[in-house]
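Structure at a glance
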Amino acid sequence: MSRILLVEDDIPIRQELSELLRNAGYEDVCITDFTDPLPEILSSSADLILLDINLPGMNGEQLLREIRRSSQTPVIMVTSRTSELDEVLSMSYGADDYITKPYNPTILLLRISAVLKRSRDTAVSPTYRGITIDTAKGSLTGENGELILTKNEMLIFRTLLEKKGSIVSRNELMTMLWDNAEYINDNALTVNISRLRTKLADFGCENAIETRKKQGYILL
Amino acid sequence: MSFSRFFRDRLPAVCIYTLVSLLTIIFTRASGGDMQGVFMIGIILLAGGISILLWDYLRRSSFYKRLFKALEAADRKYLVSEMVPEPEFADGEALYQIISEACRDMYENVAKQKRISSEFREYIELWVHEIKLPVSSLLLMCHNDGEAGERYALQIRRIDDYIENVLFYARSENAEKDYIIKEVRLQKAFGAVAMKNMEALHERGVSIVTEGLDTNVMTDSKWLEYILGQLLGNSMKYFRPDCEPEISLKAETFPDRTELRFRDNGTGIAASDLPYIFEKSFTGENGRNSSRSTGMGLYIVKSLCDRLGHRISADSEKDSFTEITITFGRNDHIKFED
């Protein structure tokens, strides 16, 4: 379970964020005292830090610079300031991503999982039931040879695989596809999933994807 | 100041002088002066009179000429008193004093208004950041509440859109440079906008077609996102009920520019309205048919484009399509290194 450190001074947001993160299966730690947060941040051994820019005392950008002196923990800047300057500054100080409030919670979770994935050593290709997945080539390789997936099918398959054994909602899948510049509609998503099912079945993985009514899909 | 106007002004003095001169000549002649002496006195009086007149004319006209020239050249007319030296004749001095005083007062007034408007804008920025906090927590609460919260989330997002309008209106009206031009991938900017409107787009069943958006343009990404958001919002307002809604974005790069064409197949804009759509408070035919039009959206979009140095134009056909084209200049010399 990944540990996420919340550095956010607005109490309602902090509470809702930790609920959101806990529901999504993360462990969350919060900073509550902002007089000198740096030692607490550095000793938190978090896998990822969500850092607000407007903080009492020190501003988030300075804080980020201090963090980067001794730690390479991924940092996502979260702010209500919609100015290019803040984004440019944050990225140049070493932030991994920058999200403006109010954010779409699904996107926030997506970005968190993307940053976490990037920070982990991903030299090993993911596998499923003995099939090796090559995202760059867009193909699956197994005993039956090679299966080519379209970009959308690959994106869907990867998302289901990351959450193997738990339900992924249609909304999550849709958000993920749109985040990858695939602006498909509801019908197209259904079509993509049924094609992916057929392809997997032809490849020897029968009933890999199960539909859970009103909830979403699950990869078994 | 022309000489004839000046001369007319001095006419009484000239008349008195001429009269005095004539009387002097007559009396000199009457009291027994010889003809040659009287003639010499006449010449001297005439020369003296003309030089007084000319000298007076020249020093005045040189001051006023400079003053008018400065006035013409000045970008801000109220700074004109700073641009000419103080004159050395009495009425000129008085005039100069009046102008300086009036200009200084004007300058102070302008500076005060500038300060007020910039403070106001700063406050708006601050206020927007403040109000975004409760909006953010509300959105998170909606999400955490599951399906029941979705209904509220839609309205909260509407509030957020209106907040953005205020922010960008304040930004567009302000003379300060508060944007950063750097390379922005069109895909990234549009992606953020599409994502923000995903639910609404799905609800209306809008299909989105993009082409060539993996191009970089020189702009401020936050401003561009707002601009695209406004265009998208407009398209969403004016879809025709009888056909499948579609929005397409196409970017095309030329040696000197990149053109982004934002097109929808909505109700279109009447030809008579088309030239005015970027004007402040213009609502037109479409606006009259929809109570939700304020005529501010495209005006703000246009001011933002102007300030960023992008050209924006519109083309449309009633009941067929609307196409807004934004032209980004290309200049390979200015590249912002991240």
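Residues numbered from 1 in each chain as written. Chains lettered and ligands numbered in written order. Predicted model: local features only at pLDDT ≥ 70, side-chain atom pairs only at ≥ 80, totals over all residues.

1. Regarding the overall build of chain B
Looking only at helices and strands, one finds nine helices and seven strands in chain B. Counting only C-alpha atoms, chain B reaches 125 × 45 × 40 Å along its principal axes. Within the span of chain B, comprising 338 residues, buried residues form 23% of the whole. Here the contacts in chain B between residues at least 6 apart in sequence split such that 64% fall between residues at least 24 apart. (Helix = DSSP H or I, 4+ residues; strand = E, 2+ residues; numbered from the N terminus. Buried ≥ 20, exposed ≤ 12 C-beta atoms within 10 Å, placed from the backbone. Contact = placed C-beta atoms within 7 Å.)

2. With respect to the sheet that holds strand E2 (residues 27-30) of chain A
Residue and element names in this part refer to chain A. Read from one edge to the other, the open sheet built from five strands follows the order E2-E1-E3-E4-E5, with strand pairing classed as parallel. Of all the strands in the sheet, the pair left with one neighbour each is E2 and strand E5 (97-100). This sheet shows a mean twist of 20° between the axes of neighbouring strands, independent of strand direction. Sheet analysis places strand E3 (residues 48-52) next to strand E4 (residues 75-79), joined by four bridges and oriented parallel. Looking at the pairing, Asp52 lines up with Val78 of E4. Sitting on the sheet, helix H1 (residues 11-23) touches strand E1 (3-7) and E2, and the angle it makes with E2 is about 160°. Across the sheet, helix H5 (residues 105-119) touches E1, E3, E4 and E5, and the angle it forms with E5 is around 175°. (Pairing = 2+ DSSP bridges. Axes fitted to C-alpha atoms, helices over the stretch in contact; angles between N-to-C directions.)

3. Overview of the nonpolar core
Here is a general trend for soluble globular proteins: nonpolar side chains tend to be buried in one another's company. If you look at the biggest cluster of nonpolar residues, it comprises 62 residues, and the most contacted ones within it are Ala189, Ile227, Leu228 and Leu304 of chain B. No other element matches the seven residues that helix H7 (residues 221-237) of chain B contributes to this core. Apart from the residues lying within four places of it in its own chain, the contact partners of Ala189 of chain B are Val184, Ser221, Leu224, Glu225 and Leu228 of chain B. By size, the runner-up hydrophobic cluster in this structure holds 34 residues, among which are Leu17, Ile31, Ile49 and Leu109 of chain A. (Core = buried A, V, L, I, M, F, W, Y, C linked by C-beta atoms within 7 Å.)

4. Description of the interface of chain A and chain B
Contacts between the two partners involve 31 residues from chain A, matched on the other side by 30 residues from chain B. Contributions of two or more residues to the side of chain A that touches chain B are made by H1, helix H4 (84-92), H5 and helix H7 (170-179) of chain A. The greatest single-element share of the side of chain A that touches chain B, amounting to seven residues, is contributed by H1 of chain A. Residues belonging to the side of chain A that touches chain B are distributed by class as follows: 14 nonpolar, nine polar and eight charged. (Nonpolar A, V, L, I, M, F, W, Y, C, P; charged D, E, K, R; others polar.)

5. Considerations on the environment of Ser117 of chain B
Residue and element names in this part refer to chain B. The residue Ser117 is located in helix H3 (residues 90-144) in this model. Residue Ser117 is classed as partly exposed on the basis of its C-beta count, with 15 C-beta atoms lying within 10 Å. Placed 56 residues apart in sequence, Ser117 and Glu173 show a C-alpha to C-alpha distance of 9.4 Å.

6. As for the confidence of the model for chain B
All names here are of chain B. Put simply, chain B has an average pLDDT of 89, and 97% of its residues get 70 or more. Helix H8 (residues 284-289) is the least confidently modelled element of chain B, averaging 76 in pLDDT, while strand E5 (residues 257-264) averages 95, the highest of any element. Confidence estimates for the predicted assembly give a pTM of 0.80 and an ipTM of 0.83. (pLDDT = per-residue confidence, 0-100.)

7. Quick notes on the domain arrangement of chain A
The assigned domain composition of chain A is domain 1 (3-118) and domain 2 (132-219). On a C-alpha basis, the centroid separation for the pair domain 1 of chain A and domain 2 of chain A is 30 Å. (Domains from an automatic or database assignment.)

8. A look at helix H6 (residues 151-162) of chain A
With 12 residues, H6 of chain A ought to run about 16 Å at 1.5 Å a step, and its terminal C-alpha atoms sit 17 Å apart, in line with that. Of all the positions in H6 of chain A, only Asn152, Glu153, Met154, Leu155, Ile156, Phe157 and Leu160 of chain A are classed as buried. (Expected span 1.5 Å × (residues − 1).)

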